[in-house]
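Summary of structural features
Chain by chain, the residues:
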Amino acid sequence: MKLKQIKQLANLIEKSDSIVFLTGAGVSTASGIPDFRSTTGIWTEDHSREYYTSRDYFFKDPEDFWLKYKDIFQVKLLKNYQPNKVHKFPSDLAKKGKQVSIVTQNVDGLHRLPGNNQNVVEYHGNLNTASCPKCGKTHNLAYILEKEVPTCTNRDCQAILKPDIVLFGDPITKHAEAEATIESSELLLVLGTSLLVTPFSLLPSYAKQLGLPMAIINREGTPMDDLFDFVIHDELMSVVTQLEQLL
Ligand SMILES: [Zn+2]
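Residues numbered from 1 in each chain as written. Predicted model: local features only at pLDDT ≥ 70, side-chain atom pairs only at ≥ 80, totals over all residues. Heavy atoms only, no water.

With that settled, consider the sheet that holds strand β3 (residues 119-122). On the basis of which strands lie adjacent, the open sheet formed by six strands has the order β3-β2-β1-β7-β8-β9 and parallel pairing. The sheet terminates laterally at β3 and β9 (230-233), the two strands that pair on one side only. Ignoring strand direction, the axes of neighbouring strands in this sheet form an average angle of 15°. With six bridges connecting them, strand β1 (residues 18-23) and strand β2 (residues 99-104) associate as parallel partners. Looking at the pairing, Phe21 lines up with Ile102 of β2. Sheet strands touched by helix α1 (residues 2-15): β1, β7 (187-191), β8 (214-218) and β9. Its angle to β9, the strand with the most contacts, is close to 130°. (Pairing = 2+ DSSP bridges. Helix = DSSP H or I, 4+ residues; strand = E, 2+ residues; numbered from the N terminus. Axes fitted to C-alpha atoms, helices over the stretch in contact; angles between N-to-C directions. Contact = heavy atoms within 4.5 Å.)

What follows is the structure in structure tokens.
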């Protein structure tokens with residue numbers, strides 16, 4: 001049953017010239033990155049962590065915010081993580097001439113593989129950079145790690161930087177871009193997300209309205225499974241390996 005579904009999905013991928021991927025934590029767990037929101041993830045271990053990484057707390061006490069933020073997101077480990085086979089799957093399809101876009105909830109930046117030209121929308125931002133709230137200057141991970149509390153290198157400014165991820169309480173600014181990406185695609189593939197976080201979780205319904213064929217591959221069932229033409233509950237790595245062999 002599952003094998004037949006995977007074969008049908010491979011055919012659909014083969015026939016589609018443009019594909020949009022919606023991805024979540026399940027894509028990065030194989031790279032050793034903890035799922036920040038799953039039941040075994042660190043958010044549920046201690047609800048105060050949600051408060052310490054909120055927009056309110058950043059503006060209230062930016063110095064203590066940075067200490068907590070670096071600890072909670074294990075920022076100094078970021079440079080050790082490598083993209084895995086699931087991250088490489090979309091770029092392999094792009095190499096075969098398909099137009100590939102990715103809308104990801106992940107903040108680890110691992111979809112931005114060196115040398116690929118696929119369109120990546122980082123819906124919840126990226127942990128690898130931080131920007132100045134005053135002048136907008138972006139600073140890289142090496143700089144963020146260099147100082148306990150990173151401040152803007154622009155001498156006229158020196159404001160405490162704000163991480164480039166969407167903090168609790170921050171507005172989502174990429175939703176329209178994500179919808180536009182879906183509009184320009186022929187097939188939607190959801191990988192490794194349980195679609196529990198809104199407004200990201202509204203994107204499959206949007207694709208459905210547009211009439212796109214849709215598939216989801218996730219270890220567990222999701223509240224949106226009924227929307228999909230293909231629902232595969234299995235280890236992502238194993239399904240992607242099988243798909244790669246068929247393509
Ligand atoms: Zn500045």
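Spatially, three strands are ordered β5-β4-β6 in an open sheet, and the strand pairing comes out antiparallel. The open sheet has two edge strands with one neighbour each: β5 (138-139) and β6 (162-165). Across two bridges, strand β4 (residues 125-131) lies against β5 in antiparallel orientation. Bridged to Ala130 within β5 is His139. Contacting β4 and β6, helix α6 (residues 62-72) runs over the sheet at an angle of about 40° to β6.

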